[in-house]
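Residues per chain, in single letters:
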Amino acid sequence: MMPNNRRTTTIAYIKLITAVAIWGGSFIATKIAVREVSPVTVVWLRFLIGIIALGYFAWKHKELVLPERKDALELLWLGFLGITLHQWLQSSGLVTSEASTTAWLVSTSPVFMALLGWIFLKEKLSWQTIIGFLLATIGVLFVVTKGDIQSIFNEGFGTSGDILILISAPNWALFSVLSRPILKRFSAIKVTFYVLLFGWMLTSVQFLAGRHWIEINQLSTDGWVSIAFLGVFCSAIAYIFYNDGLQSLPATKVGAFLYLEPLVATVVAAAVLSESIVLASLVGGGLILLGVWVVNQNSEEYTE
């Protein structure tokens, strides 16, 4: 029989791989959904489902205690950044950007987190971090141009969707940095539930003002399956599995699993959406991941 600690570690690895595979598929599910309805409708429906699913889980763990006013305002701001704005940027970007390209661009977030830490938190910016940033930047250029970097000067920087996705990366980094203080005061389950709830409420303003509920009838079976997948699996189950992994393994090991997300997205996008796997995109993706790894190595040096 497998020892308890080894069994716990094995289960944690399985949960982490499952979570990353789910998140890798989120780009493809969003791409399918935004073909039928607007990005606002996709975000609104996704997080309505996510709130119900995660709310049940939070209720089971007695985490639905209402936050105080000061904490509620902080969670409201985080909900705007992490849900309302971030998900709108990604969903709108996927209208014209390929799902695989999106996944590679999103993976640059840790690099932007290091830069934001230098700007706002006065954290040390070493040559190693600068090298990592440059590697990731070159990788981004390869991904969005499919290796034809010269086309930037002739045709511009990728599609409009690529630009929105790239903006979402530093936005997520900002959200992550600003989330640190409140995560020290409350559980991750409680913070995530209220961030989702407030973000969904803010999205509801745009949803109702634009009369987007009319679009719901346009969703096909594939569209509903995609949104249900985004709501239940990506917004609730994957998050729970990811945090279970954090409880059993060091954060550095858990973070390494996220490097698999764009690889999963690339393979699934090729299988489901018939997106071509371009060698230049894989090279660029490799440079992005190398740059992120170099930056993270530097970050670990100052946090141990």
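Residues numbered from 1 in each chain as written. Predicted model: local features only at pLDDT ≥ 70, side-chain atom pairs only at ≥ 80, totals over all residues. Heavy atoms only, no water.

Trainee: Can you lay out the side chain of Gln-87 for me, pointing to particular residues and giving the numbers?
Mentor: Relative to the assigned elements, Gln-87 resides in helix 3 (residues 69-93). Classification of Gln-87 as buried rests on a relative accessible area of 10%. Side-chain polar atoms of Gln-87 contact the side chain of Arg-46, separated by 3.2 Å. Not counting residues up to four positions away in its chain, the partners in contact with Gln-87 are Val-43, Arg-46, Phe-47 and Gly-82. (Helix = DSSP H or I, 4+ residues; strand = E, 2+ residues; numbered from the N terminus. Buried < 20%, exposed > 50% of the residue type's maximum accessible area, 1.4 Å probe, protein only. Polar contact = N/O pair within 3.5 Å; in protein donor to acceptor, adjacent residues only side chain to side chain. Contact = heavy atoms within 4.5 Å.)

Trainee: Talk me through the nonpolar core; I want residue IDs and the actual numbers.
Mentor: Among the nonpolar cores identified, the biggest contains 68 residues, and Phe-27, Ile-28, Leu-54, Leu-75, Ala-99 and Val-195 are the most heavily contacted of them. What Leu-54 contacts, discounting residues up to four positions off in sequence, is Thr-192, Phe-193, Leu-196, Ser-235, Ala-236 and Tyr-239. (Core = buried A, V, L, I, M, F, W, Y, C linked by side-chain atoms within 4.5 Å.)

Trainee: Can you explain unusual backbone geometry? Please cite residues and give values.
Mentor: Glycine aside, the phi torsion of most residues is negative, and most peptide linkages are trans. Positive phi is not limited to glycine here, since Lys-62 has a value of about 55°. Relative to the elements of secondary structure, Lys-62 occurs in the loop between helix 2 (39-60) and helix 3. For Lys-62, a relative accessible area of 74% gives the class exposed. If you check the backbone angles, Ser-274 has positive phi at about 60° while not being a glycine.

Trainee: Outline the pattern of salt bridges, listing residues and values.
Mentor: Overall, the coordinates contain two salt bridges when judged by the stated rule. A salt bridge links Asp-71 to Arg-185, with the shortest nitrogen-to-oxygen separation between them at 3.0 Å. Of this pair, Asp-71 sits in helix 3 while Arg-185 sits in the loop between helix 8 (160-183) and helix 9 (188-209), and the two are 114 residues apart along the sequence. What makes Arg-185 partly exposed here is its relative accessible area of 44%. A salt bridge links Arg-185 to Glu-74, with the nearest nitrogen and oxygen atoms 2.8 Å apart. On the criterion of sequence distance, the pair formed by Arg-185 in the loop between helix 8 and helix 9 and Glu-74 in helix 3 is long-range, its members being 111 residues apart. One salt-bridge network, held together by shared partners, links Asp-71, Glu-74 and Arg-185. (Salt bridge = Lys/Arg side-chain N within 4 Å of Asp/Glu carboxyl O.)

Trainee: Before we move on, could you go through the packing of helix 2 against helix 9 and cite the residues and values that matter?
Mentor: For the pair helix 2 and helix 9, interaxial distance at closest approach is 9 Å and the crossing angle is 150°. Taken together, the axis directions place helix 2 and helix 9 in an arrangement best described as roughly antiparallel. Seen along the crossing, helix 2 lies across helix 9 with a hand that is left-handed. Every residue of helix 9 that contacts helix 2 at Val-40, Thr-41, Val-43, Trp-44, Phe-47, Leu-48, Gly-50, Ile-51, Leu-54, Gly-55, Phe-57 and Ala-58 is listed here: Ile-189, Thr-192, Phe-193, Leu-196, Leu-197, Trp-200, Thr-203, Ser-204, Gln-206 and Phe-207. (Axes fitted to C-alpha atoms, helices over the stretch in contact; angles between N-to-C directions. Parallel < 35°, antiparallel > 145°, perpendicular 65-115°, else oblique. Left-handed = near helix turned anticlockwise from the far one by under 90°.)

Trainee: Any chance you could break down the packing of aromatic side chains for me, citing the residues and the numbers?
Mentor: Inspection of every chain in the model, using the stated rule, returns eight aromatic pairs. Taken together, a centroid distance of 5.8 Å and an interplanar angle of 20° make the contact between Trp-77 and Phe-80 stacked. One end of the pair, Trp-77, and the other, Phe-80, are both in helix 3, three residues apart, so they sit about a helical turn from each other. According to the relative accessible area criterion, Trp-77 is partly exposed, its value standing at 44%. Given a relative accessible area of 32%, Phe-80 falls into the partly exposed group. On the numbers, 4.8 Å between centres and 40° between planes, the contact of Trp-172 with Phe-175 is tilted. Taken as a pair, Trp-172 and Phe-175 lie in helix 8 at a separation of three residues, close to a single helical turn. You can call Trp-172 partly exposed: its relative accessible area is 32%. Every member of this aromatic cluster is reached through a ring pair, and the members are Trp-44, Trp-200 and Phe-207. (Phe/Tyr/Trp six-rings, centres within 6.5 Å; stacked < 30°, edge-to-face > 60°.)

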